[in-house]
Amino acid sequence: MTLALGILDMASVVAFVALALGQLLSMVRLVLGPTPGDRILALDTMVINALGLIIVLGIHLGVQIYFEVALLVAMLGFVSTVALARFLLRGDIIE
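Cut-offs and rules
- Residues numbered from 1 in each chain as written.
- Predicted model: local features only at pLDDT ≥ 70, side-chain atom pairs only at ≥ 80, totals over all residues.
- Heavy atoms only, no water.
- Helix = DSSP H or I, 4+ residues; strand = E, 2+ residues; numbered from the N terminus.
- Rg over C-alpha atoms; globule rule 2.2 N^0.38 Å.
- Buried < 20%, exposed > 50% of the residue type's maximum accessible area, 1.4 Å probe, protein only.
- Contact = heavy atoms within 4.5 Å.
- Areas by Shrake-Rupley, 256 points an atom, 1.4 Å probe, with all protein chains shown as cover.
- Lys, Arg positive; Asp, Glu negative; His and termini not counted.
- Charge placed at Lys NZ, Arg CZ, Asp CG, Glu CD.
- Axes fitted to C-alpha atoms, helices over the stretch in contact; angles between N-to-C directions.
- Parallel < 35°, antiparallel > 145°, perpendicular 65-115°, else oblique.
- Left-handed = near helix turned anticlockwise from the far one by under 90°.
- Nonpolar A, V, L, I, M, F, W, Y, C, P; charged D, E, K, R; others polar.
- pLDDT = per-residue confidence, 0-100.
- UniProt positions renumbered as here; feature names shortened; annotations may be inferred.
- Patch = residues over 30% accessible without salt bridge, like charges linked within 9 Å, V, L, I, M, F, W, Y side chains within 5 Å.
- Salt bridge = Lys/Arg side-chain N within 4 Å of Asp/Glu carboxyl O.

(A) The arrangement of the overall build of the protein chain in detail. Along the protein chain, the regular secondary structure elements total 3 helices and 0 strands. A compact globule built from 95 residues would reach a C-alpha radius of gyration of about 12 Å, whereas the protein chain, at 17 Å, exceeds it by more than 25%. Counting only C-alpha atoms and orienting by the principal axes, one finds that the protein chain spans roughly 55 × 30 × 10 Å. Relative to its full complement of 95 residues, the protein chain shows a buried share of 19%. Looking at the protein chain alone, contacts between residues at least 24 apart form 43% of all its contacts between residues at least 6 apart. Just so you have it, the protein chain exposes about 6800 Å², and 78% of that area is on carbon and sulfur atoms. The protein chain carries 4 positive and 6 negative side-chain charges, and their two centres are separated by 12 Å.

(B) Examining the packing of helix 1 (residues 2–32) against helix 2 (residues 36–61) more closely. Remark: helix 1 packs on helix 2, axes separated minimally by 9 Å, with the N-to-C direction vectors making an angle of 160°. It follows from the interaxial angle that helix 1 and helix 2 lie roughly antiparallel. You can see that helix 1 and helix 2 cross each other, and the crossing is left-handed. Counted by class, the contact of helix 1 with helix 2 contains 15 nonpolar, 8 polar and 4 charged residues.

(C) Layout of the confidence of the model for the protein chain. This prediction gives the protein chain a mean pLDDT of 91; 97% of its residues lie at or above 70. Here helix 3 (residues 65–90) stands out as the least confident element of the protein chain, with mean pLDDT 91; helix 2 is the most confident, with 93.

(D) Quick look at the packing of helix 2 against helix 3. Between helix 2 and helix 3, the shortest axis-to-axis distance is 9 Å and the interhelical angle comes to 175°. Classified by the angle their axes make, helix 2 and helix 3 are roughly antiparallel.

(E) Highlighting the UniProt feature "transmembrane region" (unreviewed entry) in the protein chain. Following the UniProt record, the feature "transmembrane region" (unreviewed entry) maps to residues 6–28, 40–63 and 69–89 here. Split by type, residues 6–28 is 100% helix and 0% strand. Its first and last C-alpha atoms lie 33 Å apart. For the annotated span residues 40–63, helix accounts for 92% and strand for 0% of the residues, and the straight-line distance between the end C-alpha atoms is 31 Å.

(F) Broad picture of a nonpolar patch on the surface. Taken together, Leu 5, Leu 8, Ile 55, Ile 59 and Phe 67 make up a surface patch of nonpolar side chains, about 420 Å² in accessible area. Those elements giving two or more residues to the nonpolar patch turn out to be helix 1 and helix 2. Ile 59 sits in the partly exposed class, given a relative accessible area of 47%.

What follows is the structure, given as structure tokens:
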């Protein structure tokens, strides 16, 4: 049983590092993005990486509340991406 827990701990550390690296690279794209579309895509990717970090943290700690937090972050990320894209296309969010 301890071997399985050791493998799970090692896998969660690898997942943390991979997601954190993806988050940093998305932040670089957010700052250096040549077009506003690239910046919106980088923000959306950062939301997805944040979801992954929250879920891996929940699995690592064994706490179920992190999955509900991930649902809230996913909903806010979707709404913000749609709002930003609509603002770029039309110039306003609410008609």
